[in-house]
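Spelled out from the first residue to the last, the chains are:
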Amino acid sequence: MFRSALVRSSASAKQSLLRRSFSSGSVPERKVAILGAAGGIGQPLALLMKLNPLVSSLSLYDIANTPGVAADVGHINTRSQVVGYMGDDNLAKALEGADLVIIPAGVPRKPGMTRDDLFNINAGIVKNLCSAIAKYCPHALVNMISNPVNSTVPIAAEIFKKAGMYDEKKLFGVTTLDVVRAKTFYAGKANVPVAEVNVPVIGGHAGVTILPLFSQATPQANLSGDVLTALTKRTQDGGTEVVEAKAGKGSATLSMAYAGALFADACLKGLNGVPDVVECSYVQSTITELPFFASKVRLGKNGVEEVLDLGPLSDFEKEGLEALKPELKSSIEKGVKFANQ
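Residues numbered from 1 in each chain as written. Predicted model: local features only at pLDDT ≥ 70, side-chain atom pairs only at ≥ 80, totals over all residues. Heavy atoms only, no water.

Observations concerning the environment of Ala 259
In step 1: Looking at the element boundaries, Ala 259 is found in helix H10 (residues 253-271).
In step 2: Leave out the neighbours within four places in its chain, and Ala 259 touches Thr 176, Leu 177 and Val 180. (Helix = DSSP H or I, 4+ residues; strand = E, 2+ residues; numbered from the N terminus. Contact = heavy atoms within 4.5 Å.)

Quick look at the structure:
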């Protein structure tokens, strides 16, 4: 009895808080489009974006099944209006007026599949979707989730350049899941509350290109070199851990949707002028000799306001940084080459 009363009072407090934030007229109208919204990541991501009070219009696009997802999610009593769009003919409508486009489209990784195997299928999908973005919502922020991100972000950049619409401040590879995993694994070993943990993750978004900077983790914990090496490896292999645990029945869809929703929320806050929004993301960058690199980025009204320096690295991290560069360089070149074929 007491618990249900508590839940009711908490729910009503939450509702009144939401009502206040809308009635004040202080929250701008924001349209978010999800491309690949009927997939394994797309569906939970659609649910999480429907719960975000910063979204006023939620556009769900896929090649099939989107009307059902939109009808389901659309019954949830939150701010945004939801519309489902299905098939190539409706892609323009899905994109028009979007402030933020999130792309989880493509096939997931299955056991034994490398990210190179993914490349051949997903690269073509990304190429087509980005051509449409350049045409129908060229000023939107683009959050790339489709793997391999190390290559799909350079593909997107090349497609936008060809269309004469490239703005490097508006293209992001979503690496938030690497940060989410690093925080979770670090908190477990350091025995600290995970909500208080911060760990920057730099480099790329696959295997050894993922480099968590545990030397900069907060709160600081005195972990041994062996533990830090194991934590780094586990963060790098997080996707494989989930693929194997699901035994051929899927990949890291739920945690990816969560991470995607976190990063999208940060982008919307930046667009709305919230100060000091800093997240790690894979963006066009000059902080290393590579043209794209993941590091801490300050988000704002134009997308990327500032790419932040890497800060001090431990010797182990310096080695990791040098070791990841050849693979990341190769993935970037592969994406550029594909886009220009």
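Describing the environment of Asp 276
In step 1: In this fold, Asp 276 is placed in the loop between H10 and strand S9 (277-284).
In step 2: With relative accessibility at 63%, the residue Asp 276 sits in the exposed group.
In step 3: Sequence separation between Asp 276 and Glu 317 is 41 residues; the distance between their C-alpha atoms is 26 Å. (Buried < 20%, exposed > 50% of the residue type's maximum accessible area, 1.4 Å probe, protein only.)

Let's talk about helix H3 (residues 66-74)
In step 1: Among the residues making up H3, those that are buried are Thr 66, Val 69, Ala 70 and Val 73. On an axial view of H3, the arc spanned by its buried residues comes to 100 degrees, and they lie on one face.
In step 2: The inward-facing, buried residues of H3 abut helix H2 (42-50), strand S2 (57-62) and strand S3 (81-86). (Arc of directions from axis to C-beta.)

Observations regarding the side chain of Thr 152
In step 1: Along the chain, Thr 152 falls in helix H6 (residues 149-162).
In step 2: Not counting chain neighbours up to four residues away, the residues in contact with Thr 152 comprise Val 126, Met 144, Ser 146 and Asn 147.

Thoughts on the nonpolar core
In step 1: One finds Leu 35, Leu 95, Val 101, Ile 103, Ile 133 and Phe 160 to be the most contacted residues of the largest nonpolar core, which totals 48 residues.
In step 2: Looking at this core, the elements that each hand over two or more residues are strand S1 (31-35), helix H4 (91-95), strand S4 (100-103), helix H5 (115-136), strand S5 (141-144), H6, strand S10 (292-300) and helix H11 (315-339).
In step 3: Here this core gets eight residues from one element, more than from any other, and that element is H5.
In step 4: The residues that make up this core include at least three from each of domain 1 (31-174) and domain 2 (175-340).
In step 5: Other than its neighbours up to four places away in sequence, Val 101 contacts Ala 33, Leu 35, Leu 95, Ile 133, Cys 137, Ala 140, Leu 141, Val 142 and Asn 143.
In step 6: Among the nonpolar cores identified, the runner-up in size contains 41 residues, and Ala 37, Leu 45, Val 69 and Val 180 belong to it. (Core = buried A, V, L, I, M, F, W, Y, C linked by side-chain atoms within 4.5 Å. Domains from an automatic or database assignment.)

A look at the pairing of S5
In step 1: Covered by surrounding structure in S5 are Leu 141 and Asn 143 together with Val 142 and Met 144, the residues of both alternating faces.
In step 2: When S4 meets S5, the two strands line up parallel, connected through four bridges. Looking across to S5, one finds that Val 101 is bridged to Val 142.
In step 3: Note that the unit made of S5, H6 and strand S6 (residues 171-173) has a crossover that is right-handed. (Pairing = 2+ DSSP bridges. Right-handed = clockwise from strand over helix to strand, strands pointing away.)

Overview of unusual backbone geometry
In step 1: In this model, Asn 147 is joined to Pro 148 through a cis peptide bond whose omega is -5 degrees.
In step 2: The topology assignment puts Pro 148 in the loop between S5 and H6.
In step 3: Omega for the bond connecting Thr 218 with Pro 219 falls within 30 degrees of zero, at -10 degrees, which places this linkage in the cis form.
In step 4: Of note, Asn 65 is a non-glycine position whose phi angle comes to about 70 degrees, a positive value.
In step 5: When you line up the elements, Asn 65 lands in the loop between S2 and H3.

Considering the packing of aromatic side chains
In step 1: Across all of its chains, the model carries four aromatic pairs by this definition.
In step 2: Summarising the aromatic geometry, the rings of Phe 119 and Phe 338 are spaced 5.5 Å apart at their centres and angled 85 degrees between planes, so their arrangement reads as edge-to-face. Taken together, the residues span a long stretch of sequence, with Phe 119 in helix H5 and Phe 338 in helix H11 at a distance of 219 residues. Here the two residues Phe 119 and Phe 338 agree in accessibility, since each one is buried.
In step 3: Note on Tyr 186 and Phe 214: the rings are 5.8 Å apart at their centroids and 10 degrees apart in plane angle, and the pair reads as stacked. With Tyr 186 in helix H7 (residues 176-190) and Phe 214 in the loop between strand S8 (210-212) and helix H8 (225-236), this residue pair connects regions lying 28 residues apart in the sequence. (Phe/Tyr/Trp six-rings, centres within 6.5 Å; stacked < 30°, edge-to-face > 60°.)

Focus on the UniProt feature "binding site: substrate" (unreviewed entry) in the protein
In step 1: UniProt records the feature "binding site: substrate" (unreviewed entry) for Arg 109, Arg 115, Asn 147 and Arg 181 in the present numbering.
In step 2: Considering the arrangement of structural elements, one finds Arg 109 in the loop between S4 and H5.
In step 3: Residue class for Arg 109 comes out buried when judged on its relative accessible area of 16%. (UniProt positions renumbered as here; feature names shortened; annotations may be inferred.)

A look at the confidence of the model for the protein
In step 1: Per-residue pLDDT for the protein averages 93, and the proportion of residues at 70 or more is 92%.
In step 2: Low pLDDT, under 50, characterises residues 1-10; the stretch is placed with zero contacts to residues that sit more than four places away or in other chains.
In step 3: For residues 16-24, every residue scores under 50 in pLDDT, and the model assigns this stretch five contacts once sequence neighbours within four places are set aside. (pLDDT = per-residue confidence, 0-100.)

Looking at the pattern of salt bridges
In step 1: A full pass over the atoms with the stated rule returns eleven salt bridges.
In step 2: Between Glu 322 and Lys 325 there is a salt bridge whose closest N-O contact spans 3.1 Å. Of this pair, Glu 322 and Lys 325 both sit in helix H11, three residues apart, which is roughly one turn of that helix.
In step 3: Judged by its relative accessible area of 48%, Glu 322 is partly exposed.
In step 4: Residues Glu 333 and Lys 329 are paired through a salt bridge, measuring 3.0 Å at the closest nitrogen-oxygen approach. Here Lys 329 and Glu 333 lie together in helix H11, a separation of four residues that amounts to about one turn.
In step 5: Judged by relative accessible area, which is 45%, Glu 333 ranks as partly exposed. (Salt bridge = Lys/Arg side-chain N within 4 Å of Asp/Glu carboxyl O.)

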